[in-house]
Amino acid sequence: MNFQDRDQNHLWHPYTQHKTAAAAIAIVRGKGALLWDENGKEYIDAIASWWVNPFGHSNTIIADAIYKQLTTLEHVLFGGFTHVPAILLAEKLLKMLPSNQNKVFFSDNGSTAVEVAIKVALQYFYNKNEKRTTIIAFENAFHGDTFAAMAASGISFYTQAFQGMFIDVVRIPVPVKGQEQESFAALENVIKNHKCAAFIFEPLVQGAAGMVMYGAESLDKLIEICKENNVITIADEVMTGFGKTGKNFACDYIQNQPDIFCLSKALTGGTIPMAITTFTQSIFDEFYSDDINKALFHGHTFTANPTGCAAALASLDLLATEEMQENIVRVNKKHLAFQKHIEHHSKVKTTRVLGVIFALEIKTESNESYYGNLRNKLYNFFIENGIILRPVGNIVYILTPYVITDNQLDKVYKTIENALAIA
């Protein structure tokens, strides 16, 4: 029995209706932007395995850092103890983030990074004896699958089974072009009519919504409104962080500094699950008290895992290299050239590019559901042609490892163009 068949005996996959889905493809090896299945078929990983792998699979620099750490200290509890990799990682990361960030809290993944951020925002006002229980979020946001993160998310079929169980979240329109004033007015109205603790947002790009993009000036204005009303701002950079938008962080494009950052995915170069939530000193200070009840009672068994920290340190070093920065620019230029080539195709409604992110919206006669027939037809076509892409409804996006070659990118582009014929 092959691995694919053995998988079906026991494994439950994410975002999968197992009765109708095809069997999972058994991947046995990866290198650079390529993966190989158990039958030897080669695939280009054009979404960096859910946006986590910017430096390529089986990266030897990160692997060596992990090996070295494993032979020194694989893990130690972080309650009452600390260790050198966590200290070095915090220092290195805070130098990259906006100057107002000063405290680092470790967790396990993007959802938990958001969970920590929302809990801190709510408890911050509780500690001040001020009742603020509403979180503001964008329409069609996605912030994760734990409960507070899910509550802040706006993609209904992910959350509809749990309606009535969530914290209070009010949504505002995304300030896409032509909708900026509506978004600003909605934010002001929500703050006026609710006791708002925080505004959480995916800066400049809504990933799971289909790489929806909006302007830095609009985000600056929204943060300004929040600051004027003492509403905490939370930048969910889980997807956008570490170079994907062309800068280290999407918030590097804006002037106003958010109060909290959520980071994960590419943090460890796609090797070990790890997440970080960072805070301003003033937020931390509201938890610093003789009163034990004002402490943040939140933790994870593998908080600040030293091996994960070592991987993250190596990952940040790689990101800073001239070679990797040139790769980001190269991929962006290739995307822009493909955009110019494809944007007037009869089947193409819109295209958009930011950094290494490319998105193309296919014209359809009706609204295409997230996991509808068109999406499934396109997904299967890409897999048959050795390309890993996961369309969102009628939106095809590319978010590759930075190390992808020009020839590999050209194959991705050509396959997308060919796919338009079946759309």
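How each quantity is defined
- Residues numbered from 1 in each chain as written.
- Predicted model: local features only at pLDDT ≥ 70, side-chain atom pairs only at ≥ 80, totals over all residues.
- Heavy atoms only, no water.
- Pairing = 2+ DSSP bridges.
- Helix = DSSP H or I, 4+ residues; strand = E, 2+ residues; numbered from the N terminus.
- Axes fitted to C-alpha atoms, helices over the stretch in contact; angles between N-to-C directions.
- Contact = heavy atoms within 4.5 Å.
- Phe/Tyr/Trp six-rings, centres within 6.5 Å; stacked < 30°, edge-to-face > 60°.
- Buried < 20%, exposed > 50% of the residue type's maximum accessible area, 1.4 Å probe, protein only.
- Polar contact = N/O pair within 3.5 Å; in protein donor to acceptor, adjacent residues only side chain to side chain.
- 1 Å grid on protein atoms, 1.4 Å probe; cavity = no way out; pocket = protein on both sides within 12 Å on 5 of 7 lines; lining within 4 Å.
- Points joined across faces, edges and corners; volume = space filled by probe spheres on them.
- Parallel < 35°, antiparallel > 145°, perpendicular 65-115°, else oblique.
- Left-handed = near helix turned anticlockwise from the far one by under 90°.
- Nonpolar A, V, L, I, M, F, W, Y, C, P; charged D, E, K, R; others polar.

Draft legend 1. Focus on the sheet that holds strand S7 (residues 196-201). Spatial ordering of the open sheet is given by S4-S12-S11-S10-S7-S5-S6, a layout of 7 strands whose pairing is mixed. Of all strands in the sheet, those bounded by a partner on one side alone are strand S4 (101-107) and strand S6 (168-172). Pairwise comparison of adjacent strand axes, ignoring direction, gives a mean angle of 20° for this sheet. Summarising the sheet, strand S5 (residues 134-138) and S7 pair through 4 bridges and their orientation is parallel. When the bridges of S7 are listed, Ile 135 appears paired with Ala 198. Helix H5 (residues 110-127) contacts S4, S5, S7, strand S10 (232-236), strand S11 (260-263) and strand S12 (275-280) of the sheet and is inclined by roughly 25° relative to S12.

Draft legend 2. Quick peek at the packing of aromatic side chains. Under the defined criterion, the tally for this structure stands at 18 aromatic pairs. Arranged with centres 6.1 Å apart and planes meeting at 85°, the rings of Phe 55 and Tyr 402 form a pair that is edge-to-face. Here the residue Phe 55 occupies a position in the loop between helix H2 (48-51) and helix H3 (60-70), and Tyr 402 occupies one in the loop between strand S16 (395-399) and helix H14 (406-419), the gap between them amounting to 347 residues. A residue is classified by how much of its surface remains accessible, and Phe 55, at 4% relative accessible area, is buried. For Tyr 402, a relative accessible area of 1% corresponds to the buried category. Each ring, one from Phe 284 and one from Tyr 288, has its centre 6.0 Å from the other, and the planes form 35°; the classification is tilted.

Draft legend 3. Main features of the side chain of Thr 303. Tracing the backbone through its elements, the reader meets Thr 303 in the loop between helix H10 (281-285) and helix H11 (306-320). There is a polar contact of 2.7 Å between the side chain of Thr 303 and the backbone oxygen of His 300. If we skip the residues at most four places from it in the chain, Thr 303 touches His 75, Phe 78 and Phe 106.

Draft legend 4. Broad picture of the layout of surface pockets. Each pocket or cavity is described by its volume, and for the largest pocket that value is around 1,300 Å³. Surrounding the largest pocket, 34 residues form its lining, Thr 16, Ala 24, Ile 25, Tyr 379 and Arg 390 being those nearest its centre. Among the elements of the structure, helix H1 (3-10), strand S3 (42-45), H2 and helix H13 (373-384) are those that each provide at least two residues to the lining of the largest pocket. Counting residues per element, the lining of the largest pocket draws most heavily on H13, at 5 residues.

Draft legend 5. The arrangement of the packing of H13 against H14 in detail. Between H13 and H14, the shortest axis-to-axis distance is 10 Å and the interhelical angle comes to 140°. One element, H13, and the other, H14, form an angle in the oblique class. Judged by the sense of rotation from one axis to the other, the crossing of H13 with H14 is right-handed. Across the interface between the two elements, Leu 378, Phe 381 and Phe 382 from H13 touch Thr 415, Ile 416, Asn 418 and Ala 419 from H14. Residues that form the contact of H13 with H14 fall into these classes: 5 nonpolar, 2 polar and no charged.

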